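Breakdown of the fold
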Amino acid sequence: MTQPPKIIEIKGLTKHFPGVTALSNIDLDINQGEVHVLVGENGAGKSSLIKILCGIYQPDEGKMLYRGNKYAPVNTQDAIKAGIRVVYQELNLLSYLSIAENIFFERLPSKAGLVDFNKLYRDAKSMLEEVGLKTSPQTPVHMLGIAQMQLVEIAKALSGESKVLILDEPTATLTSKEIERLFEIIKRLKQKGVTIIYISHRLQETFEIGDRITVLRNGLKVDTRLTSEVTIPEIVKMMVGREMASEYPYQASVEVGAEVFRVDELIYKGNDNPISFSVKSGEILGVAGLVGSGRTETMRAIFGADPKKSGKVILNGKELVIHQPKDAVEGGICLLTEDRKGQGLILDMTCEVNTSLANLAGVSRSGLMEFRKEAEAADRYVEELAIKTPSTKKWVRFLSGGNQQKVVLAKWLFRNCRVLIFDEPTRGIDVGAKYEIYMLLWKLAEQGKAIIVVSSDLPELMGISHRIVVFSNGKIAGEVMRDDFDQEKILSIAYREYINIGNGKQN
Ligand SMILES: Nc1ncnc2c1ncn2[C@@H]1O[C@H](COP(=O)(O)OP(=O)(O)OP(=O)(O)O)[C@@H](O)[C@H]1O
Ligand SMILES: [Mg+2]
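In this text, all values refer to a predicted model and were calculated from it rather than measured experimentally.

Criteria and cut-off values
Residues numbered from 1 in each chain as written. Chains lettered and ligands numbered in written order. Predicted model: local features only at pLDDT ≥ 70, side-chain atom pairs only at ≥ 80, totals over all residues. Helix = DSSP H or I, 4+ residues; strand = E, 2+ residues; numbered from the N terminus. Rg over C-alpha atoms; globule rule 2.2 N^0.38 Å. Buried ≥ 20, exposed ≤ 12 C-beta atoms within 10 Å, placed from the backbone. Contact = placed C-beta atoms within 7 Å. Near = placed C-beta within 6 Å. Nonpolar A, V, L, I, M, F, W, Y, C, P; charged D, E, K, R; others polar. Pairing = 2+ DSSP bridges. Axes fitted to C-alpha atoms, helices over the stretch in contact; angles between N-to-C directions. Domains from an automatic or database assignment. Expected span 1.5 Å × (residues − 1). Core = buried A, V, L, I, M, F, W, Y, C linked by C-beta atoms within 7 Å. Left-handed = near helix turned anticlockwise from the far one by under 90°.

As for the overall build of the chain
Regarding its fold elements, the chain presents 17 helices and 24 strands. Here the C-alpha atoms of the chain give a radius of gyration of 23 Å, agreeing with the 23 Å that 2.2 N^0.38 yields for 507 residues. Overall, the chain is about 70 × 55 × 45 Å in size when its C-alpha atoms are taken along their principal axes. For the chain, with 507 residues in total, the buried portion stands at 45%. For the chain, long-range pairs separated by at least 24 residues make up 69% of all intrachain contacts whose partners lie at least 6 apart in sequence.

Printed below as a string of structure tokens:
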């Protein structure tokens, strides 16, 4: 068999950061027209490799060839000129500009020296149709939810001519329907000869879409294999260096007690359907639904992050008056948000500061900070959650995406709340660390906490919940007990309220 032509050749690539070697002597060839998957644990070096390919970082050693010629981009413009475009793991949109302006930011269409807004909105609209986002192109980006922002990022990357398209965890926030659409787009691009580099922690989907798969571990390349000649357990073993027993530890021994938390006829701004549900002590309640079905909005309204119109939030039989997040936290409720960059973390602060952020009382006495306690708390969680960082004094900005997510978790675990609401807690987290997080949820359940988990990963939700409530178009459309868990059934409930209102009217 003749060798397919190589579009990118990476030789001996090494990249150091203070205290870590992100990439160590990496050799990697990317074939013209293939979908090449990159996997590895949090902090393995995937995003660093991508950032070197697109000119954000420069390597310390090694070289790259692009279509046979020396390639050494010093900024993202160089990469774009070469035809390499990226959908980054962390969103990079300008939140006060419209969707359309974000998509065409680098080359706004002009007429007679002025921006041609008619053309801009028309072109943007067709890009949005391509990715399946039914929102006006004039909407400012800060009005969008995180999944919708992700779709705008994808539309942006697709809007230019690209020869290589790199997707760094594009599906972390998307649900099955949007992922399907993305995969169709990828297949179409592949037919046109575009080369795709695809990073994801969802191994199932990488096998569905990928031709070859490369595993990185601790900055080293473990191997590159054909997806048709390797299995998921083999890949997991290459990633974590050991075999994993089961994906979802279910602790049947944890006892579910009496009701502790209840939401009664909650109506929040933008949705007139009253929402009611309750959670028992020791119970893990899963919350399923499509993106935009009201799951995140409901949780934010409970927490006081968004205004509610009416309804009650009841903890241990007493109504909590919540006007702002501070009231919720003081009342014993915490919310781990889905958007760690925007809401969960202060990026230019250390892991220590971020860990103690929600529980200053726990690290101070008579109003004075006790830095030793703060450091101890951070140390404990770095260990418990296996957060990969050379020091707890490192700014969170410099941690890999998945490790940032773990710091958000540490912050809320340290707060010691009665009710914990997790919105996409394992988003962007590798298989081994996910397992650790599930074990932590069980530990919290065992302590009698009430736990709510919102997740778009249905197998995950079915793996860890006692019960699942399903949102559909702003309503709770159904509830399923563990013994009756079934993917089809839950999905059909998730779609129910959209079908009821007639053809294609979902938004
Ligand atoms: N700008 C930076 N400054 C310092 N350290 C960095 C920087 N960027 C990355 N690192 C470190 O390099 C290592 C590799 O990070 P990278 O972001 O490439 O991991 P990743 O494989 O993409 O992980 P994840 O799955 O969590 O996204 C990590 O230890 C990270 O903390
Ligand atoms: Mg990354």
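Here's the deal with the site of ligand 1
Lining the immediate environment of ligand 1, one finds 20 residues, of which Phe 17, Asn 42, Ser 47, Ser 400 and Gly 402 sit closest. Those elements that place two or more of their residues in the shell around ligand 1 are β2 (20–31), α1 (46–53) and α14 (401–415). Across the shell around ligand 1, the residue classes tally to six nonpolar, eleven polar and three charged.

Here we look at the sheet that holds strand β16 (residues 308–315)
Spatially, β14-β13-β16-β17 is the arrangement adopted by the four strands of the open sheet, whose pairing is antiparallel. Looking at strand neighbours, the two that pair on one side only are β14 (271–280) and β17 (318–320), the edges of this open sheet. Between one strand and the next, the sheet's axes are offset by a mean angle of 15°, whatever the strand orientation. As paired strands, strand β13 (residues 259–268) and β16 are joined by six bridges and run antiparallel to one another. If you follow Arg 262 over to β16, its bridge partner there is Ile 314. Contacting β13, β14 and β16, helix α9 (residues 295–303) runs over the sheet at an angle of about 105° to β13.

Focus: the domain arrangement of the chain
Under the domain assignment used here, the chain contains domain 1 (6–240), domain 2 (256–332 + 417–507) and domain 3 (342–409). The gap between the C-alpha centroids of domain 1 and domain 3 is 29 Å. Contacts between the two partners involve eight residues from domain 1, matched on the other side by eight residues from domain 3. Among the residues making up the side of domain 1 that touches domain 3, the classes are represented as two nonpolar, five polar and one charged.

So, the pairing of strand β12 (residues 220–226)
Sheet topology places strand β11 (residues 212–217) next to β12; six bridges connect them, and they run antiparallel. Residue Val 215 lies in a different strand from β12, and its bridge partner there is Asp 223. Hairpin remark: β11 followed by β12, antiparallel, with two residues in the connecting loop; positive phi at Asn 218, about 50°.

Description of the sheet that holds strand β22 (residues 450–454)
Read across the sheet, six strands follow the order β18-β21-β22-β15-β23-β24 without closing on themselves; strand pairing throughout is mixed. Unpaired on one side and paired on the other, β18 (333–336) and β24 (475–481) mark the two borders of the sheet. With strand direction ignored, the average angle separating the axes of adjacent strands in the sheet is 20°. Relative to strand β21 (residues 419–423), β18 is paired through four bridges, and the arrangement is parallel. Bridge assignment links Cys 334 to a residue of β21, and that residue is Leu 420. Strand contacts of α9: β15 (284–288), β18, β21, β22 and β23 (467–472), with the helix running at about 145° to β21, the strand carrying the most contacts.

Observations concerning the pairing of β23
For β23, a buried count of five out of six residues is recorded, marking the element as mostly surrounded by other parts of the structure. Sheet analysis places β15 next to β23, joined by four bridges and oriented parallel. The partner of Ala 288 across the bridge, within β23, is Val 470. Pairing analysis gives six bridges linking β23 to β24, with the strands arranged antiparallel. Bridge assignment links Ile 468 to a residue of β24, and that residue is Val 480. Connecting β23 to the next strand, β24, in antiparallel fashion are two residues, including Asn 473 with a positive phi near 50°.

As for helix α5 (residues 146–159)
Its 14 residues place the ends of α5 20 Å apart at the C-alpha level, agreeing with the 20 Å of an ideal helix rising 1.5 Å per residue. Of the positions making up α5, those classed as buried are Ile 146, Ala 147, Gln 148, Met 149, Gln 150, Leu 151, Val 152, Glu 153, Ile 154, Ala 155, Lys 156 and Ser 159. Those residues of α5 hidden inside the fold are in contact with β6 (84–87), α3 (99–103), α4 (117–131) and α6 (176–191).

Things to note about the nonpolar core
Counting residues in each nonpolar core, the largest one holds 70 residues, and the members touching the most others are Cys 334, Tyr 381, Leu 420, Ile 421, Ile 451, Val 453 and Val 470. In terms of residues, this core owes the most to one element, α14, which gives seven residues. Inspection of this core shows a minimum of three residues originating in each of domain 2 (256–332 + 417–507) and domain 3 (342–409). If sequence neighbours within four positions are ignored, Leu 420 has contacts with Cys 334, Trp 412, Leu 444, Lys 449 and Ile 451. Counting residues in hydrophobic clusters, the runner-up holds 60 residues, among them Leu 23, Ile 26, Ile 146 and Leu 167.

Looking at the environment of Asn 403
Within the element layout of this structure, Asn 403 appears in helix α14. Take Asn 403: there are 25 C-beta atoms within 10 Å of it, and that puts it in the buried class. Not counting residues within four places of it along the chain, the set of residues in contact with Asn 403 comprises Asn 42, Gly 43, Ile 387, Lys 388 and Thr 389.

Comments concerning the packing of α4 against α5
Put simply, α4 and α5 touch, their axes get as near as 9 Å, and they point 115° apart. Along this stretch, α4 crosses α5, giving a crossing that reads as right-handed. On the side of α4, the interface is formed by Met 127, Leu 128, Glu 130 and Val 131, while α5 contributes Leu 151, Ile 154, Ala 155, Leu 158 and Ser 159. Its residues assigned to classes, the contact of α4 with α5 shows seven nonpolar, one polar and one charged.

Some thoughts on the environment of Val 236
By the secondary structure assignment, Val 236 is in helix α8 (residues 232–240). The spacing of Val 236 and Gly 40 is 196 residues in sequence and 8.6 Å in space, taken between C-alpha atoms.

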